[in-house]
Amino acid sequence: MAEDIGKTLDFMVDTAAALMRTGSPTTRTEIWISKIGNKLGFEVDVAIIYTVIYITIKDSNGNVMTMTKRTGNLSSDFDKFIKIDALVKKFVDGKMNLSDAHSQLKFILSTDFSYPIFVQLIAAALACGGFEYILVGGLMSALASMALGAIVYAATNYIRLLDNRFFQQFSSGVIIAIGSWILMPIFKGSTLNGIISGAIMLFVPGLLITNGFSEISQGSVISGTIKESEALALLVALVFGISAGSVFVGGMKF
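Here's a quick rundown of the structure. In this text the structure is predicted, and so the values were computed from the model without any measurement. (Residues numbered from 1 in each chain as written. Predicted model: local features only at pLDDT ≥ 70, side-chain atom pairs only at ≥ 80, totals over all residues. Heavy atoms only, no water.)

Quick notes on a nonpolar patch on the surface
On the surface, Tyr115, Ile117, Phe118, Val119, Ile122 and Leu126 cluster together to form a nonpolar patch covering roughly 610 Å² of accessible area. By the secondary structure assignment, Ile122 is in helix H5 (residues 117-135). Among the residues examined, Ile122 registers a relative accessible area of 48% and is labelled partly exposed. (Patch = residues over 30% accessible without salt bridge, like charges linked within 9 Å, V, L, I, M, F, W, Y side chains within 5 Å. Areas by Shrake-Rupley, 256 points an atom, 1.4 Å probe, with all protein chains shown as cover. Salt bridge = Lys/Arg side-chain N within 4 Å of Asp/Glu carboxyl O. Helix = DSSP H or I, 4+ residues; strand = E, 2+ residues; numbered from the N terminus. Buried < 20%, exposed > 50% of the residue type's maximum accessible area, 1.4 Å probe, protein only.)

Details of the pattern of salt bridges
One pass over the full model with this rule turns up 6 salt bridges. Residues Lys69 and Asp14 are paired through a salt bridge, measuring 3.3 Å at the closest nitrogen-oxygen approach. Of the two residues, Lys69 is situated in strand E3 (residues 64-70) and Asp14 in helix H1 (residues 2-21); the sequence distance between them amounts to 55 residues. Note that Lys89 is salt-bridged to Asp93, the shortest N-O span being 3.0 Å.

Considering the environment of Ala16
Counting through the fold element by element, Ala16 comes out in helix H1. Taking the C-alpha atoms as reference points, Ala16 and Thr29, 13 residues apart in sequence, are found 6.1 Å from one another. The residues touching Ala16, leaving out its near neighbours within four places in the chain, are Thr29, Ile33, Ile53 and Ile55. (Contact = heavy atoms within 4.5 Å.)

Observations regarding the sheet that holds strand E1 (residues 43-49)
Strand order in the open sheet formed by 3 strands is E1-E2-E3, and the pairing between neighbours is antiparallel. With partners counted over all chains shown, the strands left at the sheet margins are E1 and E3, one partner each. With direction set aside, neighbouring strand axes in the sheet form an average angle of 10 degrees. Note that E1 and strand E2 (residues 52-58) share 7 bridges and pair antiparallel. When the bridges of E2 are listed, Ile49 appears paired with Val52. Helix-sheet contacts for helix H2 (residues 26-39) involve E1 and E2, and the interaxial angle to E1 is about 160 degrees. (Pairing = 2+ DSSP bridges. Axes fitted to C-alpha atoms, helices over the stretch in contact; angles between N-to-C directions.)

Structural notes on unusual backbone geometry
Even without being glycine, Tyr50 reaches a positive phi, approximately 55 degrees. Looking at the secondary structure, you find Tyr50 in the loop between E1 and E2. A relative accessible area of 11% means that Tyr50 is categorised as buried.

Here it is in structure tokens:
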């Protein structure tokens, strides 16, 4: 029975970490982990505080086992999240045993489901141009935002000087500010504010803000507050980057 508890707890912890690393809200992850344990006949007590997972399970004989795990940096990967979410649902519905589910989870985590780089760049360009055209207006500014958005996306995702989100946000802001000044004379009729407004949309932590408010409203106050604080810090880093880039090209005077 101790071995069964160990295998179950390993799967639950790995699943919780996988869900959190791919963008799952804390409350949703806690619900799924509880359902996994209950499906196997265990009492489950799970608490997730942002990057730390605490899970305790108890069997019918009173045997108790607890495991703690740090998830590391959290990000978003909707493709993997959907696959893991579907896997957990399939397991909870009794369509897959524990061993197969754990093997499938490891396969999903080890597989790269990313789209080709050119598809990602096209999507980034369309997102930036679309946001600029809807929020600000102006075809030339939208076209400039498309070009700049693709360049900045490639620079921050494939030419990483440091694996640090705050540095990436700051450097993105610098590149956006300098790039906007360079592209404005090229795209006649575009505006500086318009180009910047479209290009920054890729780097606004909207999902983090949404998940934070959602978790606070559902009782996960600590995790929600931490996410809101991180989102605010990322926004500040982005704004300071744009300011630094504007000062560099002489666009702002202090």
